[in-house]
Amino acid sequence: MTYQYWNPEYEQMPRRELEAWQLARLRETVARSLRTPFYQKRLGEAGIREPEDLRSLEDLRRVPFTTKQDLREGFPYGFLAIPREEVVRLHASSGTTGIPTTVYFSRGDLARWSGFVARCIYGTGCTREDVFQNMITYGLFTGGLGFHAGAEEVGMLVIPSGAGNTTRQFRLMRDFGTTVVHATPSFLLHVEAKMREEGIRRDALRLRKAFAGAEPYSEDTRRRIEELLAIDVYNSYGLSEMNGPGVAFECQRKNGLHLWEDGYIAEIIDPHTLEPVADGGRGELVLTILCREAAPILRYRTRDLTGFYPDPCPCGRTHRRLYRITGRSDDMLIINGVNVFPSQIEEVIMAMKEVGNNYLIEIEKDGVLDRLTVKTEVGPATFRDDTRPLNALKEKIRHTLQASITINPRVELHESGSLPVSEGKAVRVVDKRPRDV
Ligand code: ADP
Ligand code: ZN
């Protein structure tokens, strides 16, 4: 396999040089942070008054963590490190876990950001010959404009279709010969189901690749999309606090997401003890952004659960690879005292071929106990008048789930296309239990 690199000198930079680069950028970042009221106080309390107080990368551990709550408290301009007049754009997080947080960009920040996104896109083998349909929400969400700018930088023809409206998406794909799309994995599954429903033939489309991110999904879900649509799917990871997309991305090997260490310093910590986990271990990802001057954020607790592959990637990039992100530490559900991550449920059901493209997890109170219901769609071939195969499938799902999560769920089967689809990130969990205040 031949690999293409957008920034070969950075993507293949020897580790020692990369670390020296990180330390230099870290000091610049700390210098800028000290201009924000928030970090002046935070870093001051930790005895850091000037960048040279950090003598090595290890000294980063002296810097206190920054949380989503801190960012909310600094709202609106508490994290600005440059004059307001030099800020040319703002974006906000989706607000999946509460009030959205806002981030700011200078002109230089936008250029650096699109450079990282271009690197991700180009690394999957895309070129200016490609036609790119950006089927994700534009606006405050970083996924739309972030990918848009990176794709233009690569020189692809960009169709800013935004999310939703599958009929229009198909028309655009056919009219302009779209070869690459970007969407959430749940929307890609929805697109595939709609394609079948509307009788659109695969060979009427020139689709080759998809970038899928913004929400967790399992390896089986990736494979399902790849097989059903006959395309390559690349995992894309980012978060608004760290610019948005372009933080970590799969290369053509599709085995882990290269985290761009010339733009970010990554740590993996135990979310309970806050201590670093041993090499190769899994835990919560903590990120420091080195490529943004307007709003530096140090040691941000992403809540995202992952870890680093221990070995280097055969593609020749020296930047370490993250495991597929399985979810956020705050996604964890406690059902009758048992801890369950939604991703564990997805792993079980999406591995079954008879299960359709959408599912929903519901939790209710039933007397003193919690009741878990897993609703899945079934493929069009399975939904027939004969109830025997349906009952068998239900029992198979129930049984396999129980073996995996130790909870006996209720299973409901729904017709393909009947469970709700969201335009943004999929809402997979509906927790109807009354909240203790
Ligand atoms: P919010 O935190 O409100 O959802 P963002 O829109 O900034 O705000 O989304 C970033 C979050 O989306 C990440 O922290 C992560 O939880 C999730 N995410 C993004 N890409 C992926 C991915 N490829 N796999 C799993 N989760 C992802
Ligand atoms: Zn690689």
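Student: How would you summarise the packing of aromatic side chains if you had to cite specific residues and measurements?
Tutor: Counting across every chain of the model gives 15 aromatic pairs. Taking 6.2 Å as the distance between ring centres and 25° as the angle between the ring planes, the aromatic pair formed by F132 and F147 counts as stacked. One end of the pair, F132, is in strand β3 (residues 131-134); the other, F147, is in helix α6 (residues 142-154), with 15 residues separating them in the sequence. The residues F132 and F147 share a single accessibility class, namely buried.

Student: Any chance you could break down helix α11 (residues 387-405) for me, citing the residues and the numbers?
Tutor: When the terminal C-alpha atoms of α11 are compared, their 27 Å separation across 19 residues agrees well with the 27 Å that a helix rising 1.5 Å per residue should span. The set of residues buried in α11 consists of L390, L393, I397, L401 and I405. Down the axis of α11, the buried set is contained in an arc of 70°. They therefore lie on one face. The outward face of α11, more than 90 degrees from its buried face, is lined by the exposed residues R388, H399 and A403. Looking at the buried residues of α11, the elements they touch are β15 (338-340), α10 (342-349), β16 (355-366), β17 (369-378) and β18 (410-414).

Student: Could you give an account of the pattern of salt bridges, naming the residues involved and the relevant values?
Tutor: If you walk through the whole model with that rule in mind, you get 37 salt bridges. Here E45 and K41 are joined by a salt bridge, their closest N and O atoms 3.4 Å apart. With E45 and K41 both in helix α3 (residues 37-45), this residue pair falls 4 residues apart, about one helical turn. Like K41, E45 is exposed. Put simply, R410 and E412 hold a salt bridge, and the shortest N to O gap is 3.9 Å. Beyond isolated ion pairs, a larger network of salt bridges with shared partners links E362, K375, R410, E412 and K432.

Student: Residue-level account of the domain arrangement of the protein chain, with values.
Tutor: Domain annotation for the protein chain reports domain 1 (1-330) and domain 2 (333-431). Taking the mean C-alpha position of each, domain 1 and domain 2 sit 30 Å from one another. Taken together, the contact pairs 28 residues of domain 1 with 20 residues of domain 2. Summed over both partners, the interface of domain 1 with domain 2 comes to about 1700 Å²; 48% of that surface belongs to carbon and sulfur atoms. Between domain 1 and domain 2 we count 0 salt bridges in total. Where domain 1 meets domain 2, there are 12 residue pairs in polar contact (both at pLDDT 80 or more). For the side of domain 1 that touches domain 2, the element with the highest residue contribution is helix α8 (residues 185-197), accounting for 6 residues. Split by residue class, the side of domain 1 that touches domain 2 holds 9 nonpolar, 12 polar and 7 charged.

Student: So what's going on with the state of the cysteines? Residues and values would help.
Tutor: This model, assessed by the stated rule, comprises 0 disulfides. C291 forms no disulfide, and the closest cysteine sulfur to it belongs to C120, at a distance of 11 Å. Given the relative accessible area of 5%, C291 is considered buried.

Student: Provide a residue-level description of the nonpolar core, including the pertinent values.
Tutor: Within the largest apolar cluster, 55 residues are counted, with the highest numbers of intra-cluster contacts made by I121, F211, Y237, M242, L259, L287 and L322. In terms of nonpolar packing, the next biggest core, distinct from the first, is built from 22 residues, I345, V374, L390 and I407 among them.

Student: Give me the lowdown on the site of ligand 1, citing residues and values where you can.
Tutor: Around ligand 1, 20 residues are found, and the nearest of them are S94, T96, S236, D304 and K425. In this structure, an oxygen atom belonging to ligand 1 sits 2.6 Å away from a side-chain N or O atom of S94. D304 places a side-chain nitrogen or oxygen 2.6 Å from an oxygen atom of ligand 1. When ligand 1 is considered free in solution it has 560 Å² of accessible area, and contact with the protein chains removes 98% of it.

Student: Describe the sheet that holds β16, naming the residues involved and giving the relevant values.
Tutor: Read across the sheet, 4 strands follow the order β18-β17-β16-β19 without closing on themselves; strand pairing throughout is mixed. Of all strands in the sheet, those with a lone pairing partner are β18 and β19 (429-431), marking the two edges. Each adjacent strand pair in this sheet contributes to an overall mean axis angle of 20°, direction not counted. Strands in contact with α10 are β16, β17 and β19; relative to β16, the strand with the most contacts, it is inclined by about 140°.

Student: Now, about the pairing of strand β7 (residues 232-239): what can you tell me, with residues and values included?
Tutor: Burial of β7 is extensive: 6 of the 8 residues sit out of reach of the surface. In the sheet, strand β6 (residues 209-213) pairs with β7 via 5 bridges, with the strands oriented parallel. Directly across from G213, in β7, lies its bridge partner S236. Handedness of the crossover is the feature at issue here: the chain leaves β6, passes through helix α9 (residues 219-229), returns alongside β7, and the resulting connection is right-handed.

About the criteria used
- Residues numbered from 1 in each chain as written.
- Chains lettered and ligands numbered in written order.
- Predicted model: local features only at pLDDT ≥ 70, side-chain atom pairs only at ≥ 80, totals over all residues.
- Heavy atoms only, no water.
- Phe/Tyr/Trp six-rings, centres within 6.5 Å; stacked < 30°, edge-to-face > 60°.
- Helix = DSSP H or I, 4+ residues; strand = E, 2+ residues; numbered from the N terminus.
- Buried < 20%, exposed > 50% of the residue type's maximum accessible area, 1.4 Å probe, protein only.
- Expected span 1.5 Å × (residues − 1).
- Arc of directions from axis to C-beta.
- Contact = heavy atoms within 4.5 Å.
- Salt bridge = Lys/Arg side-chain N within 4 Å of Asp/Glu carboxyl O.
- Domains from an automatic or database assignment.
- Buried area = accessible area lost by both parts, 1.4 Å probe.
- Polar contact = N/O pair within 3.5 Å; in protein donor to acceptor, adjacent residues only side chain to side chain.
- Nonpolar A, V, L, I, M, F, W, Y, C, P; charged D, E, K, R; others polar.
- Disulfide = S-S within 2.5 Å.
- Core = buried A, V, L, I, M, F, W, Y, C linked by side-chain atoms within 4.5 Å.
- Near = heavy atom within 4 Å.
- Areas by Shrake-Rupley, 256 points an atom, 1.4 Å probe, with all protein chains shown as cover.
- Pairing = 2+ DSSP bridges.
- Axes fitted to C-alpha atoms, helices over the stretch in contact; angles between N-to-C directions.
- Right-handed = clockwise from strand over helix to strand, strands pointing away.

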